[in-house]
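Commentary on secondary and tertiary structure
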Amino acid sequence: MSDPLDQLEKELTSLQPARVSGDLLNSVGRVIGRNRATVHPAHPYRLIGYTAAAIVTLALCLIGYHATRSVNPSRIAPGPLAKDTQPPGPTTLTADLMMPTALAYHIAANQSLDELDALIDQHGRRVLPYTGTGAFMSSGRQAPTSTKPQENTP
Amino acid sequence: MNQPLDQEKWRAWFAAHAPGLVLFARQYTSCHADAEDTVQTAFMRFWPQRNRVRDPRPYLYSAVRTVALDAYRSNKRRQSREILAGKESGAAWFECPTDRQDRVAELQEAVKSLPLEQRVVVVMKIWADLTFLEIGRALDISPNTAASRYRYALQALQKRLQNETL
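Quick caveat, the model's predicted, so the values are computed rather than measured. (Residues numbered from 1 in each chain as written. Chains lettered and ligands numbered in written order. Predicted model: local features only at pLDDT ≥ 70, side-chain atom pairs only at ≥ 80, totals over all residues.)

In this section: the overall build of chain B. Check the secondary structure of chain B and you find eight helices and zero strands. Beginning at the N terminus, the succession of helices and strands in chain B can be written as α-α-α-α-α-α-α-α. The burial tally for chain B puts 39% of its 166 residues in the buried class. Taking as baseline every contact in chain B between residues at least 6 positions apart, the subset at least 24 positions apart corresponds to 61%. (Helix = DSSP H or I, 4+ residues; strand = E, 2+ residues; numbered from the N terminus. Buried ≥ 20, exposed ≤ 12 C-beta atoms within 10 Å, placed from the backbone. Contact = placed C-beta atoms within 7 Å.)

Okay, the packing of helix H6 (residues 116-127) of chain B against helix H7 (residues 132-139) of chain B next. Residue and element names in this part refer to chain B. Contact geometry for H6 and H7: axes closest at 10 Å, N-to-C directions at 135°. Taken together, the axes of H6 and H7 lie oblique to each other. Here the hand of the crossing between H6 and H7 comes out right-handed. Of H7, the residues touching H6 (which contributes Val120, Val121, Met124 and Lys125) are Ile135, Ala138 and Leu139. (Axes fitted to C-alpha atoms, helices over the stretch in contact; angles between N-to-C directions. Parallel < 35°, antiparallel > 145°, perpendicular 65-115°, else oblique. Left-handed = near helix turned anticlockwise from the far one by under 90°.)

Here we come to unusual backbone geometry. When glycine is set aside, most residues are seen to have a negative phi, and most peptide bonds are trans. All names here are of chain B. Positive phi, close to 60°, is recorded for aspartate 129, a residue that is not glycine. Structurally, aspartate 129 is set in the loop between H6 and H7. Despite not being glycine, aspartate 140 has its phi angle at roughly 60°, a positive value.

Membership of the largest hydrophobic core comes to 50 residues, with the highest contact counts inside it found for Leu21, Phe24, Ala25, Val39, Val64, Val123 and Met124 of chain B. Put simply, the parts of the chain that give this core at least two residues each are helix H2 (22-34) of chain A together with helix H1 (7-26), helix H2 (32-46), helix H3 (56-74), helix H5 (101-112), H6, H7 and helix H8 (143-165) of chain B. Among the elements that line this core, the one with the most residues is H1 of chain B, at eight residues. The residues that make up this core include at least three from each of domain 1 (1-90) and domain 2 (92-166) of chain B. The contacts of alanine 25 of chain B, once residues within four sequence positions are left out, are Ala35, Thr38, Val39, Val64 and Ala68 of chain B. (Core = buried A, V, L, I, M, F, W, Y, C linked by C-beta atoms within 7 Å. Domains from an automatic or database assignment.)

All names here are of chain B. Under the 1.5 Å per step criterion, the end-to-end length of H5 is 16 Å for 12 residues, consistent within 8% with the ideal 16 Å. The set of residues buried in H5 consists of Val104, Leu107, Ala110 and Val111. Along the axis of H5, the buried residues cluster in a sector spanning 125°; they form a single face. Along H5, exposed side chains directed more than 90 degrees from the buried face belong to Gln101 and Asp102. (Expected span 1.5 Å × (residues − 1). Arc of directions from axis to C-beta.)

Before going further, it helps to spend a moment on the packing of H2 of chain A against H2 of chain B. Interhelical geometry of H2 of chain A versus H2 of chain B gives an angle of 10° and a closest axis separation of 10 Å. Judged by the inter-axis angle, H2 of chain A sits roughly parallel to H2 of chain B. Here Leu24, Ser27, Val28 and Val31 of chain A of H2 of chain A lie close against H2 of chain B, whose contacting residues are Glu36, Val39, Gln40, Phe43 and Met44 of chain B. Looking at side-chain class alone, the contact of H2 of chain A with H2 of chain B contains six nonpolar, two polar and one charged residues. (Nonpolar A, V, L, I, M, F, W, Y, C, P; charged D, E, K, R; others polar.)

Opposite the 30 residues of chain B that make contact, chain A presents 27 residues. Broken down by secondary-structure element, the contributors of at least two residues to the side of chain B that touches chain A are H1, H2, H5, H6 and H8 of chain B. Residue composition of the side of chain B that touches chain A, grouped by class: 22 nonpolar, five polar and three charged.

Our focus in this paragraph is the confidence of the model for chain A. In low-pLDDT regions, the fine details of the predicted coordinates are not to be read closely. Residue and element names in this part refer to chain A. Mean pLDDT over chain A: 70, with 51% of residues reaching 70 or higher. Mean pLDDT per element in chain A: helix H5 (residues 89-97) is the minimum at 49, and H2 is the maximum at 88. In the predicted structure, residues 89-95 sits below a pLDDT of 50 and forms three contacts with residues beyond four places in sequence or in another chain. Within the model, the stretch residues 134-141 combines pLDDT values under 50 with five contacts to residues more than four positions away or in other chains. (pLDDT = per-residue confidence, 0-100.)

Here it is as structure tokens:
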């Protein structure tokens, strides 16, 4: 900055702004004298709003919790209840129709083909009364004519 | 000003800074009384926030500007007529020592002739001793813009005063 501008700046700095009136100092002094952290009306309204929101949220949570507890699970989806010791018919039928896969693999690994056929036949006979079709294999395969005596034949 | 000041210190602080604040408010108002009302309203807005404000001076100048602009918008027609017509109350902006009355009046007229955006920067820089960073924050402008406005204002003042001398 050049010298004339420096001089001008100093001259302006030497000027003192006009004094303020006593009214302004007194009124601001009264504001300071209150010494309250919050005099703006927005703060209590904000506090009230937060409190109301918290109460409403808590109430909604309680209502939702009780509503969830009052619902009977059996009315939501069909199926066995926890108190039922024996599954209803369709579930039993499905369980009987399914060959235990792990057991089938185990048997297939250690037994001969004839023994495996016999086991499948045995399972098929158990399934037969439920299906009511008269045949236990849908592929048209005939019942095997095993020479071995059947165990657990009903 | 991180430590909370007690009431007496706050009173002393305001008494020291009030003239600069009122001078700043006068850039937006048409008379001294309106400027004092503006400063009072701004201080009342500032006071609840005082413990959250890092530096009260830029905050108060910003609050004064906001309050003054709000008042200007509410009284737009009347004030704009008065400001455009230069119809101000006769109260001087500065203290006038008897031996410098003419020079003070000359400087005041020169400052008045500046555009508002330059004038407020000059007031904040010279009579409030704010940095360009603080001025920028208070006026929502960049520090570089504040500095350039200040430089242009001084150049304009220099030019005007030189012409008047010649």
